[in-house]
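# Observations on the three-dimensional arrangement
Chain by chain, the residues:
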Amino acid sequence: MNPHSQSHESHISCPLLNRMVLDHLINSIASGDHTIANQLGIPPAMIAPLTDLRPAEINRLAELRGCVRITLDVPALSRLLDRLMQDRSKEQLVQELIRRGAPQPMLYSLFQLTSREATALRYVLGLPGSPGRTREPTEEEEHRVWKTMQKLAMTADRMTPQDWVDLQDETGVPLRVLWAMVNEWREPTEVAV
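The present account deals with the structure reproduced in this document. All values derive from a computational prediction rather than experimental measurement.

## Some points on the pattern of salt bridges
In the structure shown here, the tally under the stated rule is 8 salt bridges. When the shortest N-O distance is used, the salt bridge between R54 and E57 registers 3.1 Å. On the accessibility criterion, E57 (27% relative accessible area) is partly exposed. When salt bridges that share partners are traced, they join E96, R100 and D169 into one network.

This is how it looks when you write it as C-alpha cells:
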C-alpha cells in the first residue's frame, strides 16, 4: 500500500517517552510558558497540580497507559522523508559538481549557490580555491560535445545538473570548459524594450 494514501495514524505508549513528554510539559509550565499546555488542551485547573508533582508521582503517571500517547502521522512522515531524500540527492549532486570543478556561474545557475557558499563547500570538501581562467575548447572537443549532446538528446537551454555530469562523463571535457562552450550555444533570451 502506498504510504501517501494511508489516512491512519500510529499510536504508541512508552513509559520513557511518556516521562519525557511529562517532564517537558511540567518544566514549561514551571518556567511560565503555558504554550505547550494550551496546545495539549490542559485546562487551567490542572496547571497547579501538575507543577506540584513529585518525581515518583511523575514516574507513576508515565507508567500508566493512556495518560500520554505519542502519535505519528505516517503519511506526513513519508512526505518529509521524501523531501529529505530529495535534499540529500541535491546536496550530493552539488558536491559532485564542485569536486568536478564546476564554475561559480554554473553553481549559481543550477542551485542559486553564492560564491561564498561555493567557496565554503570547496573548503569543507578539501578542494583548492577557484582554478582561475577557463581555457578555450579545442575544435575536436566542440565536435565531441555537440555529437554527444545530440546522442543524449540534450539541449543547451534545458541542461539539468545530472545532464552536466553525464556530458562530462561521456566527453571527458572539464566542466568549466563545457559550461563556457554550451552556454554559447544557448538560444538568446529576448530582452523586453
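## Remarks on a nonpolar patch on the surface
On the surface, L72, L77, L81, L84 and M85 cluster together into a nonpolar patch covering about 420 Å² of accessible area. A total of 4 residues in the nonpolar patch trace back to one element, the largest contributor, which is helix α5 (residues 74–99). The residue L77 is located in helix α5 in this model. For L77, a relative accessible area of 35% puts it in the partly exposed group.

## Observations regarding the environment of L167
As for its position among the elements, L167 is in helix α9 (residues 161–171). Given the relative accessible area of 0%, L167 is considered buried. Considering only alpha carbons, one finds L167 and M149, 18 residues apart in sequence, at a separation of 7.2 Å. With sequence-adjacent residues up to four places away left out, L167 is seen in contact with V145, T148, M149, M154, M159, G172, L178 and V182.

## Points about the nonpolar core
Residues L97, V145, M149, W164, L167 and V182 are the most contacted members of the largest nonpolar core, which totals 26 residues. Looking at this core, the elements with two or more residues in it are α5, α6 (104–111), α8 (139–151), α9 and α10 (175–184). Counting residues per element, this core draws most heavily on α10, at 6 residues. Beyond its immediate chain neighbours, meaning those up to four positions away, W164 contacts L97, M106, L110, M159, L175, L178, W179, V182 and R186. In terms of nonpolar packing, the next biggest core, distinct from the first, is built from 12 residues, I26, A37, I58 and V68 among them.

## A few points about helix α1 (residues 15–30)
Between the first and last C-alpha of α1 there are 22 Å, a value that for 16 residues agrees with the 22 Å anticipated at 1.5 Å per step. Where α1 is concerned, the buried positions are N18, R19, L22, L25, I26, S28 and I29. Considering only its buried residues, α1 is in contact with α2 (35–39), α3 (44–51) and α4 (55–63).

## Points about the environment of I58
Inspection of the secondary structure assignment puts I58 in helix α4. For I58, a relative accessible area of 6% corresponds to the buried category. Spatially, the C-alpha atom of I58 lies 9.4 Å from that of N18, the residues being 40 residues apart in sequence. Each residue touching I58, except ones within four places of it in the same chain, is listed here: R19, L22, D23, I26 and L53.

## Some details on the environment of W164
When you line up the elements, W164 lands in helix α9. With a relative accessible area of 0%, W164 lands in the buried category.

## With respect to the side chain of T171
Here T171 lies in helix α9. Since its relative accessible area comes to 4%, T171 is described here as buried. What T171 contacts, discounting residues up to four positions off in sequence, is R144, V145, T148 and L178.

Rules used throughout
Residues numbered from 1 in each chain as written. Predicted model: local features only at pLDDT ≥ 70, side-chain atom pairs only at ≥ 80, totals over all residues. Heavy atoms only, no water. Salt bridge = Lys/Arg side-chain N within 4 Å of Asp/Glu carboxyl O. Buried < 20%, exposed > 50% of the residue type's maximum accessible area, 1.4 Å probe, protein only. Patch = residues over 30% accessible without salt bridge, like charges linked within 9 Å, V, L, I, M, F, W, Y side chains within 5 Å. Areas by Shrake-Rupley, 256 points an atom, 1.4 Å probe, with all protein chains shown as cover. Helix = DSSP H or I, 4+ residues; strand = E, 2+ residues; numbered from the N terminus. Contact = heavy atoms within 4.5 Å. Core = buried A, V, L, I, M, F, W, Y, C linked by side-chain atoms within 4.5 Å. Expected span 1.5 Å × (residues − 1).

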